[in-house]
Amino acid sequence: MSTLRVTAEVLTIHEHPDADALELAQVGLYRAVVAKGVYRTGDSALYIPEQAVLPAALIEELGLTGRLAGSDADRVKAVRLRGELSQGIVCRPKALAEVDLARAALDGTDFAQTLGITKWVPPIPPTMDGEVEPASDLLPWVDIENIQRFPDIFPPGEAVVLTEKLHGSACLLTYVATGRGEGRVHVSSKGFGAKSLALKEDPRNLYWRAVRGHGVAEAAARLAERLGARRVGIFGEVYGAGVQDLTYGADGRRETLGYAVFDVSAEIDGAVRWLDPAEVLGGRLPLVPRLYEGPYDVDRVLEVASGRETVSGRGLHLREGVVIRPAVERYSPVTGGRAIAKAVSPAYLTRKGGTEYE
C-alpha cells in the first residue's frame, strides 16, 4: 500500500467522452471526474487519493454523503462514472480558501492532517492476527507508490522488470544469523512489520503456515550463509481461498496454501541490499511471475497491468496489476528511496465484492 498524502496539484483538464456536464481532471496519470467548467488546465486544486478516509464535515461539504465506500461511507475508492474511471477526488475545500494552492503544489505541502483525512487500515482476519513481540532486527517492507501518481520514477527507455502483483497478504520473514550456522527467525505481516513487531509462532497463523509449508526459513538460512549476511529478508505473498477474494486456484484453508516470493534483501557488511529473487534463491522457493523485461514505457506498463492472472496457469480471474523495478537496483529521488512502483488494473479497482485485508 502506498503512503497517503493529500496535496495540491496542477491539473490538466480533458473532455468526458460520454457526459456533457462532466470533465476529467488529470493528476499525474490519474484521472478524476469533475463537474464541467469548474477547473481549467493549469489550475491548482487539492487531490485526495484512494484509500483516504474523510471526516463527516468534509464529506457533507463536497456533496458526497452516502456516495463513498466502506461501512461508514467515508472512504475514497476508484469508481466508474458514465463509463470513465475516476480515481480520487479533486476539490477546493473551504478550509483551504486562504491557501495559495499553486504555491502549495510547488512546495508539496501535505494537507491530510489539516483536513482530518486519514489512511484506511484494512481489517485483520483471525488467521492473519496473533500474539506479537518486539523484533528490532526485522527487515521491513517498503510502501510502493503508484506509477500513475508518480510517472517520473522511471525515465523512458530504462531497462525494467515487471512482475505480477498478487492479491494476497504480504509475509515478511527475517533470518538473523547468530553464528555457527544458527540463527533466529522473525515472521510478520506488513502491518505488524511496519511497527517492528513479529508474530509468535502459531500453527494456526497464516504466515507461519506458509513459512513452514514452503521451507522459507531454511532457504533464508542457506542464503545468509552463502552471502555472509547478518540478516536476510524474504518477502512473499500468501494467497488462496480464505485469504482474499482472488484465489489463483489455491486454498488458504488447506495444505494448498499459495506462496510466492516477490523480493529479497540482505544485510551485508552493515548495509541492506535488495537482491533479485530469481538470481539468489536458485529455484528453492516459488516466485511471482515475470511478465515483461525491457525498456520502460508507461503505456506498455499499463497494458501489462491488465488482463488475466498467470499464477494458476489457467487465467482463473483478473490480474491485480504489476510491480515495476529497474533491471539494476537503484535509488529514486522521486520516492526518496528505492526505485520501485506499482500499476493496478482498473478492472481490479472496480470489481465487486473485493477484499483488502493486510
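Rules used throughout
- Residues numbered from 1 in each chain as written.
- Predicted model: local features only at pLDDT ≥ 70, side-chain atom pairs only at ≥ 80, totals over all residues.
- Heavy atoms only, no water.
- Pairing = 2+ DSSP bridges.
- Helix = DSSP H or I, 4+ residues; strand = E, 2+ residues; numbered from the N terminus.
- Axes fitted to C-alpha atoms, helices over the stretch in contact; angles between N-to-C directions.
- Salt bridge = Lys/Arg side-chain N within 4 Å of Asp/Glu carboxyl O.
- Contact = heavy atoms within 4.5 Å.
- Nonpolar A, V, L, I, M, F, W, Y, C, P; charged D, E, K, R; others polar.
- Buried < 20%, exposed > 50% of the residue type's maximum accessible area, 1.4 Å probe, protein only.
- Phe/Tyr/Trp six-rings, centres within 6.5 Å; stacked < 30°, edge-to-face > 60°.
- Lys NZ or Arg CZ within 6 Å of the ring centre and 35° of its normal.
- Polar contact = N/O pair within 3.5 Å; in protein donor to acceptor, adjacent residues only side chain to side chain.
- Core = buried A, V, L, I, M, F, W, Y, C linked by side-chain atoms within 4.5 Å.

A. Focus on the sheet that holds strand 9 (residues 89-91). The strand order across the open sheet formed by 3 strands is 1-5-9, and the pairing between neighbours is antiparallel. Across the chains shown, the open sheet's two edge strands, defined by having one partner strand only, are strand 1 (7-10) and strand 9. Across this sheet, the average inter-strand angle for adjacent strands is 45 degrees, counted without regard to direction. Two strands pair when backbone bridges link them, and strand 5 (residues 44-48) and strand 9 are joined in this way by 3 bridges, in the antiparallel orientation. Bridging from a neighbouring strand, I48 pairs with I89 of strand 9.

B. Inspection of the pattern of salt bridges at higher detail. Evaluated as defined, the whole model comprises 20 salt bridges. Residue R149 is joined to E9 by a salt bridge in which the shortest nitrogen-to-oxygen separation is 3.2 Å. One end of the pair, R149, is in the loop between strand 12 (145-146) and strand 13 (159-165); the other, E9, is in strand 1, and 140 residues separate them in sequence. For R290, the salt bridge goes to D276, with nearest N and O atoms at 2.6 Å.

C. Molecular detail of the packing of helix 5 (residues 206-214) against helix 6 (residues 216-227). With their axes 5 Å apart at the nearest point, helix 5 and helix 6 run at an angle of 65 degrees to one another. Residues A210, V211, R212 and H214 of helix 5 pack against V216, A217 and E218 of helix 6. Grouping the amino acids of the contact of helix 5 with helix 6 by side-chain chemistry returns 4 nonpolar, 1 polar and 2 charged.

D. Unusual backbone geometry, seen in detail. In this model, Q51 sits at a positive phi of 75 degrees, which is unusual for a non-glycine residue. Note on placement: Q51 falls in the loop between strand 5 and strand 6 (52-53). Under the relative-accessibility criterion, Q51 is labelled partly exposed at 24%. At S196, a residue that is not glycine, the phi angle is positive and equals roughly 55 degrees.

E. Here's a closer look at the packing of aromatic side chains. This model, assessed by the stated rule, comprises 7 aromatic pairs. Measuring from ring centre to ring centre gives 5.5 Å for F235 and W274, while their planes differ by 35 degrees; the resulting arrangement is tilted. Taken together, the residues span a long stretch of sequence, with F235 in strand 17 (residues 231-239) and W274 in strand 19 (residues 271-275) at a distance of 39 residues. The class for F235 is buried, based on a relative accessible area of 0%. Look at W274 and you get buried, because its relative accessible area is 19%. A connected cluster of aromatic rings, assembled from ring pairs, spans W141, F235, F262 and W274. Its end group placed over the ring of W120, R75 keeps NZ or CZ at 3.9 Å from the ring centre.

F. Examining helix 5 more closely. If you check which residues of helix 5 are buried, you get L206, Y207, W208, A210 and V211. Check the buried side of helix 5 and you find it contacts strand 14 (169-179), strand 15 (182-189), strand 16 (197-199), helix 6, strand 17 and strand 18 (258-268). Put simply, N205 is the residue that caps the front of helix 5, since its side-chain oxygen is 2.9 Å from the backbone nitrogen of Y207. Phi for G215, located one or two positions after helix 5, is positive at around 65 degrees.

G. A look at the sheet that holds strand 19. With antiparallel pairing, 5 strands are arranged side by side in an open sheet as 15-14-17-18-19. Sheet topology places strand 15 and strand 19 at the edges, where each strand pairs with a single neighbour. This sheet shows a mean twist of 25 degrees between the axes of neighbouring strands, independent of strand direction. Here 8 bridges tie strand 14 to strand 17, and the two strands are oriented antiparallel to one another.

H. Structural context of the nonpolar core. Core analysis: the biggest nonpolar cluster contains 32 residues, and L173, Y207, V232, I234, V238, Y259 and L281 have the highest contact counts within it. Those elements that provide at least two residues to this core are strand 14, helix 5, helix 6, strand 17 and strand 18. Counting residues per element, this core draws most heavily on helix 6, at 6 residues. When residues no more than four places from it in sequence are discounted, the contact partners of I234 are C171, L172, L173, V216, A219, A220, Y259, V261, D263, L281 and L285. Core analysis: the second largest hydrophobic core is formed by 23 residues, F235, Y239, A250 and L349 among them.

Everything listed here is a matter of coordinates, which is why it stays silent on function.
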